[in-house]
Amino acid sequence: MVGRVSGRRSWSDAEKLEILAEAFRPGVRVRDVIARREVSSSLIYTWRKQARLGKLGGVAPALPAFAEVRVADVAAPAPQPATSTSGLICIEFPGGVRVSVDGSVDAGALARVLSVLR
C-alpha cells in the first residue's frame with residue numbers, strides 16, 4: 001500500500017514531465033512510480049492531462065494515447081452475374097409437357113426432373 005505524503009510539495013514542470021515519462025514508459029507500472037516518487041495517483045493523471053493540453057512547460061513526453069476506432073457497416077458483396085454458356089434447351093414430351101432450361105442447368109437436377117416426367 002502506498003503511504004500518504006504529509007504536507008504539500010511543489011513540483012516543477014521539469015519534474016512533472018520526468019515523472020510522467022517514467023510512469024508511462026512501456027513495461028512500467030504506474031503504481032510503482034507513485035510509491036518510489038511519493039506522489040499521489042491523482043497528481044500523475046492530472047499532470048498527464050495538463051501535458052496533453054500543452055499546459056506544462058518544456059517538451060511533453062511521448063505518453064500513450066488511445067486511437068479512435070470506428071466500426072463500419074460491412075457491405076454485402078455485389079452479386080456476380082451468371083455466366084451463360086449456351087442458349088436455351090427445350091425438351092418436349094409426347095403428352096405435351098415442355099421443359100425449358102438454359103445451358104448452365106445443373107445436370108443432376110435436370111435428370112431428376114426428367115425421370116419424374118417420363
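Model, not experiment: these values are computed from the prediction. (Residues numbered from 1 in each chain as written. Predicted model: local features only at pLDDT ≥ 70, side-chain atom pairs only at ≥ 80, totals over all residues. Heavy atoms only, no water.)

Chemist: Would you mind going over the packing of aromatic side chains with me for this structure?
Modeler: One pair of aromatic rings is described through two measures. These are the centre distance and the angle between the planes. Enumeration over the complete set of coordinates arrives at two aromatic pairs. Relative to Trp-47, the ring of Trp-11 has its centre 5.5 Å away and its plane inclined at 70°; by these criteria the two rings are edge-to-face. A residue pair is termed long-range when its members are at least 10 positions apart, and Trp-11 in the segment before helix 1 (13-23) and Trp-47 in helix 3 (residues 41-52) qualify at 36 residues. Look at Trp-47 and you get buried, because its relative accessible area is 3%. Centroid distance Phe-24 to Tyr-45: 6.0 Å. Interplanar angle 70°. Geometry classified as edge-to-face. Of this pair, Phe-24 sits in the loop between helix 1 and helix 2 (30-37) while Tyr-45 sits in helix 3, placing them 21 residues apart in sequence. Overall, Tyr-45 belongs to the partly exposed group, its relative accessible area being 38%. Positioned over the ring face of Trp-11 is Arg-9, at 3.9 Å from the centre of the ring. (Phe/Tyr/Trp six-rings, centres within 6.5 Å; stacked < 30°, edge-to-face > 60°. Helix = DSSP H or I, 4+ residues; strand = E, 2+ residues; numbered from the N terminus. Buried < 20%, exposed > 50% of the residue type's maximum accessible area, 1.4 Å probe, protein only. Lys NZ or Arg CZ within 6 Å of the ring centre and 35° of its normal.)

Chemist: What should I look at first to understand the nonpolar core in this one?
Modeler: Nonpolar side chains in soluble globular proteins generally cluster together in the buried interior. Of all hydrophobic cores here, the largest spans 14 residues; its most connected members are Ile-19, Leu-20, Phe-24, Val-30, Ile-44, Trp-47 and Leu-56. Elements represented by at least two residues in this core include exactly helix 1, helix 2 and helix 3. No other element matches helix 1, which puts four residues into this core. Contact partners of Trp-47, with chain neighbours within four places excluded, come to Trp-11, Lys-16, Ile-19, Leu-20, Val-39 and Leu-56. One finds Phe-93, Val-99, Val-101 and Leu-110 within the second-largest nonpolar core, a separate group that totals five residues. (Core = buried A, V, L, I, M, F, W, Y, C linked by side-chain atoms within 4.5 Å. Contact = heavy atoms within 4.5 Å.)

Chemist: Just checking my understanding: could you explain unusual backbone geometry for this structure?
Modeler: In most cases, non-glycine residues show a negative phi, while peptide bonds are predominantly trans. Phi angles above zero are rare outside glycine, and Glu-38 is one such case at about 55°. Classification of Glu-38 as exposed rests on a relative accessible area of 54%.

Chemist: Looking at this structure, how should I read the pattern of salt bridges?
Modeler: Working definition: two side chains of opposite charge can pair if their charged atoms are close together. Under the criterion given, the structure shown has six salt bridges. Between Arg-9 and Glu-15 there is a salt bridge whose closest N-O contact spans 3.4 Å. A single salt-bridge network, built from bridges that share partners, covers Glu-18, Glu-22, Arg-36 and Arg-37. (Salt bridge = Lys/Arg side-chain N within 4 Å of Asp/Glu carboxyl O.)

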